[in-house]
Amino acid sequence: MSKNFYITTPIYYPSAKPHMGHAYSSIVSDFFARLKKIQGYEVFFLTGTDEHGQKIQRAAEIEKKDPLKFCDEISKTFENLCKSLNLSNNDFIRTTEERHKKSVEHLWKVLEDKNEIYLSKYSGWYSVSDEAFYSNEEIEVIDGIKKSKSSGSKVEWVEEESYFFKLSKWQKPLLKFYEQNPKFILPKSRKNEVISFVKGGLKDLSISRKSFTWGIKVPSNTDHVIYVWLDALTNYLSALNYPDINDKFYKKFWPADVHIIGKDILRFHAIYWPAFLLAADINPPKRVYGHGWILSGDEKMSKSKGNILDPLEIINQYGLDPLRYYLLKEVSFGNDGNISNEKLESCINSDLANNYGNLCQRVISFCEKNIGLKIPKINDFDMEDLQILDNYKNNYEDLKIHIDNQNINFYLNFIIDQLFKANKYFNDQEPWKKKDDKKRLNTIVYVSLEIIRKISILLYPIIPQTALKVLNIFNIKESDIEFATILNDKYLLTEDRINKIEILFKKISK
Ligand code: MSP
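Let me begin by describing the structure that accompanies this report.

**Section: empty space enclosed by the protein**
Now for step 1: Enumeration according to the criterion identifies two cavities of 30 Å³ or more in this entry.
Now for step 2: Size it by volume and the largest cavity reaches roughly 50 Å³.
Now for step 3: Every residue along the wall of the largest cavity is listed here: Tyr12, His22, Ser26, Thr47, Gly48, Phe78, Leu81, Cys82, Leu85, Leu87 and Phe92.
Now for step 4: Of all the secondary-structure elements, those providing two or more residues to the lining of the largest cavity are helix H1 (20–38), strand E2 (42–49) and helix H3 (67–84).
Now for step 5: The element best represented in the lining of the largest cavity is H3, accounting for three residues.
Now for step 6: Grouping the constituent residues of the lining of the largest cavity by class yields seven nonpolar, four polar and no charged.
Now for step 7: Its volume calculated, the second largest cavity comes out at about 40 Å³.
Now for step 8: In this structure, the second largest cavity is lined by 13 residues; those nearest its centre are Gly53, Phe212, Ile226, Tyr227 and Val228.
Now for step 9: Residues of the lining of the second largest cavity, tallied by class, amount to seven nonpolar, four polar and two charged.

**What about the sheet that holds strand E5 (residues 132–134)?**
Now for step 1: Read across the open sheet, the four strands follow the order E5-E4-E8-E10; overall the sheet is antiparallel. In this open sheet, the two strands that pair with only one neighbour each are E5 and strand E10 (205–206).
Now for step 2: Pairing of strand E8 (residues 156–165) with E10, which is carried by two bridges, proceeds in the antiparallel orientation. By the bridge assignment for E10, phenylalanine 164 is matched with serine 206.

**Re the state of the cysteines**
Now for step 1: Tallied over the full model, the rule gives zero disulfides.
Now for step 2: With no disulfide partner, cysteine 82 has as its closest neighbouring cysteine sulfur the one in cysteine 71, 16 Å distant.
Now for step 3: Look at cysteine 82 and you get buried, because its relative accessible area is 8%.
Now for step 4: Counting only cysteine sulfurs, cysteine 360 is the nearest neighbor of cysteine 367, a cysteine outside any disulfide, at a range of 13 Å.
Now for step 5: For cysteine 367, a relative accessible area of 0% translates into the label buried.

**Regarding the site of the ligand**
Now for step 1: In the vicinity of the ligand lie 24 residues, with Ile11, Ser25, Asp50, Gly262 and Ile294 positioned nearest.
Now for step 2: Within the side chain of histidine 22, an N or O atom sits 3.2 Å from an oxygen atom of the ligand.
Now for step 3: Taking isoleucine 294, its main chain carries an N or O atom lying 2.7 Å from a nitrogen atom of the ligand.
Now for step 4: The set of elements that each furnish at least two residues to the shell around the ligand consists of strand E1 (4–12), H1, helix H7 (228–233), helix H8 (235–238) and strand E14 (258–262).

**A closer look at unusual backbone geometry**
Now for step 1: The omega torsion across leucine 186 and proline 187 is -5°, close enough to zero to call that bond cis.
Now for step 2: As for its position among the elements, proline 187 is in the loop between strand E9 (185–186) and helix H6 (188–199).
Now for step 3: With an omega of 15°, the peptide bond running from tyrosine 242 to proline 243 counts as cis.
Now for step 4: Although it is not a glycine, glutamine 406 sits at a positive phi angle of roughly 55°.
Now for step 5: Along the chain, glutamine 406 turns up in the loop between helix H14 (383–404) and helix H15 (408–429).
Now for step 6: Classification of glutamine 406 as buried rests on a relative accessible area of 5%.

Cut-offs used in this document
Residues numbered from 1 in each chain as written. Predicted model: local features only at pLDDT ≥ 70, side-chain atom pairs only at ≥ 80, totals over all residues. Heavy atoms only, no water. 1 Å grid on protein atoms, 1.4 Å probe; cavity = no way out; pocket = protein on both sides within 12 Å on 5 of 7 lines; lining within 4 Å. Points joined across faces, edges and corners; volume = space filled by probe spheres on them. Helix = DSSP H or I, 4+ residues; strand = E, 2+ residues; numbered from the N terminus. Nonpolar A, V, L, I, M, F, W, Y, C, P; charged D, E, K, R; others polar. Pairing = 2+ DSSP bridges. Disulfide = S-S within 2.5 Å. Buried < 20%, exposed > 50% of the residue type's maximum accessible area, 1.4 Å probe, protein only. Near = heavy atom within 4 Å. Polar contact = N/O pair within 3.5 Å; in protein donor to acceptor, adjacent residues only side chain to side chain.

Right, here's the structure in full:
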């Protein structure tokens, strides 16, 4: 089994500054990247910006800016967001970089050489906002305006010479690929959606545009620019130094383990992308996970509705870890979810401050007062001790399986349950009444500290800053964190010094 793990976010359009939807895709991806890292994998975590196409060209024109300068400025805000979200990404790719251009041109030539591309004429509907072609059946008229039924964005009629990719011939191989790789598309509901779409028949896909210039030119015909989605999807290869398939990055990390994307861009990732790759004789990625949307109230965020949620505002008000925790816990992964100050505040108060914060505070302060700032002696474990410790062993294999199926909900529920059990254990054992039985008092404190350590390791991918503060109490550094050590009930060494604890989360008074 290879111990390499390649995970990607979508690359974001730098047409406007980042919003909560972008932050969500990135935080979820970071969660998996950190989890795999502490499981001992060498992780490559990629994010970046998607800078070509008509959408960006038009946005730059409105601002009267040169498109590259325009992208330089906004792409920077996405790069800064990586820092604000404490992402552990290894690279940030921009599709205007030379390394990417080289990779896209090469892929185009491979497809051309393999006779997968032909020149013809496109006439049909196009949404600049989605950078997507739509058939008549996918269009509806609302208030006299023609819109895509799925995204609601405005479409316009396009008629121009265009290169086509022979997508239709990949219908059967794709269906076979989905059958042979039953977990290629997750969650399951989205997989069914894609399969029924492909079964309905695939038309050849227009993969070049002639009526504007902002893009990578078709190598053999510079009147055309390459369709922005063929350009953008290739970023996942460019970052691994494709076309140099002997490069160590490429060899180590391709095919990608999982592309985390929003459900809005599933068709591109689950149909077009594997078709391009199969046609070019490149292995498709192992998985595409299409998550739901973060709604503002009950609606999708959009500039025109003026309901954009700014992640930086929330971070300034509540802190980063509470936001990360909220998004991973309260939004059931795979489904839509929303965020409101009220829900976020109650999540901070109940889960973070009361459950986790309080557990750490109580146990460590008790230890300091009664034993001193050191790990107590271990005595034989009682049944109650073993019962709580065994939860980790008994669920370990399941946790790993659920992580590999991107089942965040299982992982979070396990933590919440363990937090609850840990608080109950400390309450029920009443170590403050055991001052005459030092042996038992020591054991209760030891077990409680062990559990805090285990829970903090589990929480690290979700709330890395706070979990690290707690792990630092035991002098465990970020590079020392190992997921498998949650199996070890005697990890902490008697007499080792521990450090004082600071307040982890401030309760928000209403
Ligand atoms: N540039 C393309 C992706 C190319 S990937 C090869 C694109 N960019 S985007 O900026 O419009 O959106 C990227 C992703 O942001 C979406 O797929 C989704 O993951 C995330 N979100 C954008 N709005 C969102 C919400 N309201 N909620 C959750 N995520 C959404 O599409």
